[in-house]
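Structure at a glance
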Amino acid sequence: VVYLSLALYVLTKIAATLFAGELILAEVSHMPAWASVLCLILGTAAYTLVGGLKAVIYTEALQTVVLFIGGFALLGVSLAEVGGLHTFIRDSEPPAGQPYYFKIFRPFDDADFPFTGFLTGYFVTSLWYWCSDQVITQRVIAARDRIEHARGGCVGASYLKLLPGFIMVVPGMIARELMTREGVLDTNSPRSDYDRAFTWLVLNCMPINLRGLLIASMISALMSSLASVFNSCATIMALDVYKKHRPAGTVSERELVWVGRATVVVVAGLSMAWLPVIPLLGDQLFVWIQKPPSYFAPPIFSAYLWGALTSKVSARGAGWSLAVGLSVGLVRFLLEIAHETEVLALRGGAGLAAAFVEANFLHFSLLNFLLSSAVLFAASCVGKPAPAPEARLLFHWRLYGQIRRRGGASVYERTEEMELVRLNDSQQLQGGG
């Protein structure tokens, strides 16, 4: 799971962020693509490697303010350009072949986001990300003494997630309309041309004195995303890989810091090497970065969910579930890459492989979750009982510590480390699990 997390960071988060940064910086500054990516990496790594998580969190807080100010400014100017939201929806024509362009819930046979997958498969990948991904959980663990800080951060982030629909999606749709009116796009334009929407809107619609703010807001968002992933990669490699494979007590903090820094350099290099492959995998960047988590996250989320909800699953079952679910996801991932790069022609055929690849990625996410869950329960029930210390796989219900009343005030005391623990039946009774 640790190595899978690192692979997903390279294939999706880091690579997609660098690809988007390359488009923006190359368009605005006319820099070579490689120079744009290198500047973005060096600028982010400069404070991530030196300051660690603390520097990342404080910088992200400032970048969030810049992002929202720039995003709402862009929303206001773009709406003014089309005469308001009502006029825009009334007068705009959807792109050719996309009659459900203005709809959130699309038909079952929609190629990208059918409503059945949106309500089921997206549920799986979203909960995996927000509950078990290192980028998110690291911030919860980093909360100060009171549990209210962690809870408040989660709730605040959930409300902030409502805003991208207004400050990102709506300006993007308006950009398509304006670019079509100006002749920049037409019905024959490839979808990859839409990647220029943000920079075109900024350079052609925003007042000159606000253009710098908008570019800064988007670069802030990209650097914030990169910094989060860089720090998470460093933490995973240093603590979950390097430290666990060294004799206890022989690893110094300084050594772990340098391992983390080296990890950031290697991961950034691998992501840069992956960039030329991204355009070959489809003409919709957003759809592509959603696919790898949909293939690999379901078995991880299955172990997380059922381990938290029931004591009927075991460590052996979780191991088999991960093995089966990740293998199925890997086969789908490799077959899709082979098809998109025209190594194999699978879609449109009548065979099992064609049906396997043609299944919508959100539907596949749900099916893989159900398969992983079935394997988890079956493997937990079949075979010899596991040794007592590993009899059950569950989350300790006091992971966050406990709240006690002292002098009329709520005082938080950390009683357990925040990690997945395995307890036998007697440990459950003693520990309150």
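Residues numbered from 1 in each chain as written. Predicted model: local features only at pLDDT ≥ 70, side-chain atom pairs only at ≥ 80, totals over all residues. Heavy atoms only, no water.

1. So, the overall build of the protein chain
Note the following rule: Numbering goes from the N terminus for both helices and strands, where a helix is a DSSP run of H or I of at least four residues and a strand is a run of E of at least two. Burial classes follow relative accessibility: with a 1.4 Å probe on protein chains only, a residue under 20% of its type's maximum area counts as buried, one over 50% as exposed, and anything between as partly exposed. Between two residues, a contact is recorded if the distance between any of their heavy atoms is within 4.5 Å. Accessible surface area values rest on a Shrake-Rupley calculation with a 1.4 Å probe, where residue burial reflects the displayed protein chains alone.
What the protein chain contains, in helices and strands, is 16 helices and two strands. Within the span of the protein chain, comprising 433 residues, buried residues form 43% of the whole. Taking all contacts inside the protein chain whose residues are at least 6 apart in sequence as the whole, residues at least 24 apart take part in 74%. Of the accessible surface of the protein chain, which amounts to about 22500 Å², a share of 65% is contributed by carbon and sulfur atoms.

2. Regarding the side chain of Thr 125
This is how the line gets drawn: In protein, a polar contact requires one atom able to donate a hydrogen and another able to accept it; more generally it is a pair of N or O atoms within 3.5 Å, and residues adjacent in sequence count only if both atoms are side-chain atoms.
Turning to its location among the elements, Thr 125 is positioned in helix α5 (residues 121-132). Within the local environment of Thr 125, its side chain forms a polar contact with the backbone oxygen of Tyr 122, the two atoms lying 3.3 Å apart. Discounting chain neighbours no more than four positions away, the residues touching Thr 125 are Pro 293, Ser 294 and Ser 365.

3. Section: the nonpolar core
Just so we agree on the cut-off: In this text, buried Ala, Val, Leu, Ile, Met, Phe, Trp, Tyr and Cys residues form a nonpolar core when linked through side-chain atoms within 4.5 Å.
By size, the foremost hydrophobic cluster in this structure holds 77 residues, and its most contacted members are Ile 14, Leu 18, Phe 198 and Ile 219. Leave out the neighbours within four places in its chain, and Phe 198 touches Ile 24, Leu 74, Leu 214, Ile 215 and Met 218.

4. Looking at the side chain of Ser 380
In this structure, Ser 380 sits in helix α15 (residues 361-381). Judged by its relative accessible area of 19%, Ser 380 falls in the buried class.

5. Comments concerning the confidence of the model for the protein chain
Stated precisely, the cut-off is as follows: What pLDDT reports is the predictor's confidence in each residue, on a scale of 0 through 100.
The pLDDT averaged across the protein chain works out to 76; a share of 83% of its residues lies at or above 70. Across the protein chain, the secondary-structure element scoring lowest on mean pLDDT is strand β1 (residues 402-406), at 36, and the one scoring highest is α15, at 92.

6. Digging into the pattern of salt bridges
Just so we agree on the cut-off: The salt bridge criterion pairs a side-chain nitrogen of Lys or Arg with a carboxyl oxygen of Asp or Glu, the two atoms within 4 Å.
Summed over the entire model, instances satisfying the criterion amount to six salt bridges. We note a salt bridge from Glu 177 to Arg 176, for which the minimum N-O separation is 3.4 Å. A salt bridge links Arg 332 to Glu 336; the shortest N-O distance between them is 3.1 Å. Remark: Glu 336 and Arg 332 occur in helix α13 (residues 315-340); sequence separation between them is four residues, near one turn of the helix. Looking at Glu 336, the relative accessible area reads 0%, which means it is buried. One network of salt bridges, with partners in common, ties together Arg 176, Glu 177 and Arg 181.

7. Quick look at the packing of helix α9 (residues 197-205) against helix α10 (residues 208-242)
Defined as follows: Axes here refer to lines fitted to C-alpha atoms; in helices the fit is confined to the stretch in contact. Angles between the N-to-C directions go from 0 to 180 degrees. Note on terminology: angles under 35 degrees are roughly parallel, angles over 145 are roughly antiparallel, angles of 65 to 115 are roughly perpendicular, and the others are oblique. By convention, the crossing between two helices is left-handed when the near helix turns anticlockwise from the far helix through less than a right angle, and right-handed when the turn is clockwise. Only Asp, Glu, Lys and Arg are considered charged in this grouping, and only Ala, Val, Leu, Ile, Met, Phe, Trp, Tyr, Cys and Pro are considered nonpolar; every other residue, Gly among them, is considered polar.
Interaxial distance between α9 and α10 falls to 9 Å at its minimum, and their mutual angle equals 160 degrees. Put simply, α9 runs roughly antiparallel to α10. The two elements α9 and α10 meet at a crossing, and its hand is right-handed. Where α9 abuts α10, its residues Phe 198, Val 202 and Leu 203 lie against Arg 211, Leu 214, Ile 215 and Met 218. Taken together, the residues of the contact of α9 with α10 sort by class into six nonpolar, no polar and one charged.

8. Quick notes on α15
Our working definition: Every helix has an expected span of 1.5 Å times one less than the residues it contains.
If you check α15, its first and last C-alpha atoms are 30 Å apart, about what 21 residues at 1.5 Å a residue would give, namely 30 Å. A distance of 2.8 Å separates the backbone nitrogen of Leu 362 from a side-chain oxygen at the start of α15, and that oxygen is part of Asn 360.

9. Looking at the environment of Ala 175
Topologically, Ala 175 is positioned in helix α8 (residues 164-181). Separated by 93 residues in the primary sequence, Ala 175 and Val 82 have C-alpha atoms spaced 9.7 Å apart. Apart from residues no more than four positions distant in its own chain, Ala 175 is found in contact with Ala 197 and Leu 201.

10. Overview of the environment of Val 357
Mapped onto the elements of the fold, Val 357 is located in helix α14 (residues 352-358). Its relative accessible area of 0% is what places Val 357 among the buried residues. With 26 residues separating them along the chain, Val 357 and Val 331 place their C-alpha atoms 9.4 Å apart.

11. Some words on the packing of aromatic side chains
Note the following rule: Any two of the Phe, Tyr and Trp rings considered here, Trp counted by its six-membered ring, make a pair once their centres fall within 6.5 Å; the pair's planes then place it as stacked at under 30 degrees, edge-to-face at over 60, or tilted in between. A ring is scored as having a charge over it whenever the NZ atom of a lysine or the CZ atom of an arginine sits within 6 Å of its centre and within 35 degrees of its normal.
Taken as a whole, this structure holds 11 aromatic pairs when the rule is applied. Considering the side-chain rings of Phe 296 and Phe 333, the 5.7 Å spacing of their centres and the 65 degrees angle between planes classify their relative orientation as edge-to-face. Residue Phe 296 is located in helix α12 (residues 285-309), and its partner Phe 333 is located in helix α13; the two are separated by 37 residues in the primary sequence. For the pair Phe 356 and Phe 364, a centre-to-centre distance of 5.6 Å together with 80 degrees between the ring planes defines the contact as edge-to-face. Given the relative accessible area of 25%, Phe 356 is considered partly exposed. Phe 364 gets classed as buried once you look at its relative accessible area, which sits at 5%. Through a chain of ring-to-ring contacts, the aromatic side chains of Phe 105, Phe 113, Phe 118, Tyr 122 and Phe 361 assemble into a single cluster. Taking the ring centre of Trp 258 as reference, the NZ or CZ of Arg 261 above it sits at 4.8 Å. Its end group placed over the ring of Phe 364, Arg 332 keeps NZ or CZ at 5.3 Å from the ring centre.

12. Remarks on the packing of helix α1 (residues 2-29) against α10
At a minimum axis separation of 10 Å, α1 and α10 run at an interaxial angle of 160 degrees. Here α10 runs roughly antiparallel to α1, going by the angle between their axes. Taken as a pair, α1 and α10 cross one another with a handedness that is left-handed.

13. So, a nonpolar patch on the surface
Cut-off, in case you're wondering: Residues enter patches when they are more than 30% accessible in relative terms and free of salt bridges; like-charged ones are connected within 9 Å and nonpolar ones (Val, Leu, Ile, Met, Phe, Trp, Tyr) within 5 Å.
A grouping of Ile 104, Phe 105, Phe 108, Phe 115, Phe 118 and Leu 119 is seen on the molecular surface, where their side chains present a nonpolar patch of about 630 Å² in accessible area. Secondary-structure assignment places Ile 104 in the loop between α3 (85-91) and α4 (115-119).

14. Some details on the environment of Ala 303
Along the chain, Ala 303 turns up in helix α12. For the pair formed by Ala 303 and Ser 373, sequence separation is 70 residues and the distance between their alpha carbons is 7.7 Å. If sequence neighbours within four positions are ignored, Ala 303 has contacts with Ala 318 and Leu 376.

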